[in-house]
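The chain contents come next:
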Amino acid sequence: MSNQLKKPVKVALVQLASGTDKAKNLLHTRDRVLEASAEGAKIIVLPECFNSPYGCSFFPSYAETLLPSPPTTEQSPSFHALSNLAVESKAYLIGGSIPELDTTTNKYYNTSLTFSPTGELLATHRKVHLFDIDIPEKITFKESEVLSSGNKVTIVDLPEYGKVAIAICYDIRFPELAMVAARHGCFALFYPGAFNTVTGPLHWKLLGQARAVDNQIYVAMCSPARDMCAGYHAWGHSLVVDPMAKVLTEAEESETIVYAVMDGEKIEETKKGIPISAQRRFDVYPDVSKEGVSIDKL
Ligand SMILES: NC(=O)CCC(=O)C(=O)O
């Protein structure tokens with residue numbers, strides 16, 4: 001299946017600085033998204049936990065209820081803010097993520113919502129791989145103490161451009177998920193994320209380039225800005241990588257917006273020059289995109 005991008009598209013990654021006041025964060029998000037839209041961005045991306053601090057102790061108190069959809073404004077102010085902002089900005093808005101409480105099961109999720117320029121909800125991705133790591137004396141984090149995991153690969157069709165996949169942060173460490181999305185025709189993988197200052201320097205860019213070179217498509221990773229007063233120090237460095245694994249743009253750690261143009265010709269040129277799609281040996285190893293894959297594809 002081809003990874004078709006129908007026409008070039010300008011993408012903006014909004015590396016937001018958010019605080020503890022959700023209402024304030026939502027207003028600030030609006031300013032920055034409208035700024036990206038004024039610069040001509042047609043796909044705008046926000047970071048993981050874009051309107052709250054990131055941390056297990058914060059998930060329950062910031063959680064919103066998304067089901068049944070659409071939720072009321074009381075159940076999910078972020079849903080409505082993002083939907084309205086997609087309309088105002090006339091762009092596809094990949095709304096980072098928010099903590100979600102599913103009241104039917106009483107389970108919490110780390111959930112990303114994507115809206116069309118008409119404000120329609122196109123996709124919901126619940127983080128599939130929870131961030132549970134323990135590097136002694138450096139960082140211990142256990143999302144699974146509070147959160148439950150999602151159970152599908154999320155592929156969204158953006159009618160003017162083509163298909164993209166949405167996943168969240170730690171999901172990028174799992175090449176299978178990216179491979180499944182790429183083999184279902186996505187031209188880009190979008191990861192709202194919040195790496196940290198221990199793993200970020202070694203792995204953030206490397207993983208972005210790895211997923212791009214594995215799949216010969218674009219990868220975009222959008223982080224919160226670093227806040228040294230917060231309990232969790234995000235790595236920042238939001239970036240876009242092209243299908244040859246070249247970093248097209250990369251932020252530092254403070255609040256900013258970075259832009260890149262994704263172009264279908266670059267995907268085709270890369271695939272033509274290094275034709276790995278036609279050289280795979282499914283007689284030697286299995287095609288992970290074929291069997292028992294759980295996909296949400298609109
Ligand atoms: N929020 C996350 O999933 C963080 C992932 C991370 O930092 C990593 O090293 O992986």
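Residues numbered from 1 in each chain as written. Predicted model: local features only at pLDDT ≥ 70, side-chain atom pairs only at ≥ 80, totals over all residues. Heavy atoms only, no water.

In the nomenclature of an unreviewed UniProt entry, the chain corresponds to Nitrilase family protein-like protein from the organism Calycina marina. The UniProt entry for the chain carries the following text under Sequence similarities (unreviewed entry): "Belongs to the carbon-nitrogen hydrolase superfamily. NIT1/NIT2 family." (UniProt positions renumbered as here; feature names shortened; annotations may be inferred.)

Draft legend 1. Geometry of the nonpolar core. Counting residues in hydrophobic clusters, the biggest one holds 27 residues, and the most contacted among them are I43, F187, F190 and M262. In terms of nonpolar packing, the next biggest core, distinct from the first, is built from 26 residues, A167, W235, L239 and A245 among them. (Core = buried A, V, L, I, M, F, W, Y, C linked by side-chain atoms within 4.5 Å. Buried < 20%, exposed > 50% of the residue type's maximum accessible area, 1.4 Å probe, protein only.)

Draft legend 2. Local environment of the site of the ligand. Inspection of the region around the ligand gives E48, Y54, K127, F131, C169, Y170, R173, A194, F195, N196, T199 and Y232 as its neighbouring residues. Between the ligand and Y54, the relevant distance is 2.9 Å, taken from a nitrogen atom to a side-chain nitrogen or oxygen of the residue. Contacts to the ligand include K127, whose side-chain N or O atom sits 2.8 Å from an oxygen atom. For the ligand, the protein covers 100% of the area, taking 290 Å² as the surface of the free molecule. (Near = heavy atom within 4 Å. Polar contact = N/O pair within 3.5 Å; in protein donor to acceptor, adjacent residues only side chain to side chain. Areas by Shrake-Rupley, 256 points an atom, 1.4 Å probe, with all protein chains shown as cover.)

Draft legend 3. Expanded view of the environment of P47. Along the chain, the position of P47 falls in the loop between β2 (43-45) and α2 (59-62). Looking at P47, the relative accessible area reads 1%, which means it is buried. For the pair P47 and V33, spaced 14 residues apart in sequence, the C-alpha separation works out to 12 Å. In this structure, P47 is in contact with V14, L16, G96, S97, P192, G193, C222, S223 and P224, ignoring residues within four places of it in sequence. (Helix = DSSP H or I, 4+ residues; strand = E, 2+ residues; numbered from the N terminus. Contact = heavy atoms within 4.5 Å.)

Draft legend 4. Layout of the pairing of strand β14 (residues 247-250). For strand β13 (residues 239-241) and β14, the ladder comprises three bridges, and the chain directions are antiparallel. When the sheet's bridge partners are listed, L239 is paired in β14 with E250. Counted between consecutive antiparallel strands, the loop separating β13 from β14 contains five residues, among which A245 sits at a positive phi close to 80°. (Pairing = 2+ DSSP bridges.)

Draft legend 5. Representation of a nonpolar patch on the surface within the structure. On the surface, F282, V284 and Y285 cluster together to form a nonpolar patch covering roughly 290 Å² of accessible area. In this fold, F282 is placed in the loop between α6 (264-273) and β16 (295-297). (Patch = residues over 30% accessible without salt bridge, like charges linked within 9 Å, V, L, I, M, F, W, Y side chains within 5 Å. Salt bridge = Lys/Arg side-chain N within 4 Å of Asp/Glu carboxyl O.)

Draft legend 6. Here's a closer look at the packing of helix α4 (residues 175-183) against helix α5 (residues 200-215). Interhelical geometry of α4 versus α5 gives an angle of 40° and a closest axis separation of 10 Å. Overall, the two elements α4 and α5 adopt an arrangement that is oblique. Along this stretch, α4 crosses α5, giving a crossing that reads as right-handed. Residues P175, A178, M179 and A182 of α4 pack against R211, D214 and N215 of α5. When its residues are assigned to classes, the contact of α4 with α5 shows four nonpolar, one polar and two charged. (Axes fitted to C-alpha atoms, helices over the stretch in contact; angles between N-to-C directions. Parallel < 35°, antiparallel > 145°, perpendicular 65-115°, else oblique. Left-handed = near helix turned anticlockwise from the far one by under 90°. Nonpolar A, V, L, I, M, F, W, Y, C, P; charged D, E, K, R; others polar.)

Draft legend 7. View of the pattern of salt bridges. Taken as a whole, this structure holds 14 salt bridges when the rule is applied. For E255, the salt bridge identified is with R32, shortest N-O distance 2.6 Å. Note that E255 is positioned in the loop between β14 and β15 (256-262) and R32 in helix α1 (residues 22-38), a separation of 223 residues in sequence. Of the residues examined, E255 reaches a relative accessible area of 25% and is grouped as partly exposed. As a salt-bridge pair, D214 and R211 come within 3.2 Å of each other at their nearest N and O atoms. Of the two residues, D214 and R211 are both situated in helix α5; the distance of three residues between them amounts to about one turn of the helix. On the accessibility criterion, D214 (28% relative accessible area) is partly exposed.

Draft legend 8. A look at the UniProt feature "domain: CN hydrolase" (unreviewed entry) in the chain. The sites that UniProt annotates as "domain: CN hydrolase" (unreviewed entry) are residues 9-264. The annotated region residues 9-264 carries 23% helix and 30% strand content, and the separation between its end C-alpha atoms amounts to 9 Å.

Draft legend 9. Highlighting the side chain of N215. With respect to the element layout, N215 can be found in helix α5. Looking at N215, its side chain comes within polar contact range of the main-chain oxygen of R211, at 2.9 Å.

Draft legend 10. Local environment of the packing of α1 against helix α3 (residues 77-89). Direction vectors running N to C along α1 and α3 enclose 20°, while the axes themselves pass 10 Å from each other. Here α1 lies roughly parallel to α3, going by the angle between them. Where α1 crosses over α3, the two elements pack in a sense that is right-handed. Residues K22, L26, T29, R30, V33, L34 and S37 of α1 form the contact with α3, whose own contacting residues are P77, S78, A81, L85, E88 and S89. Classifying every residue of the contact of α1 with α3 by side-chain character gives six nonpolar, four polar and three charged.

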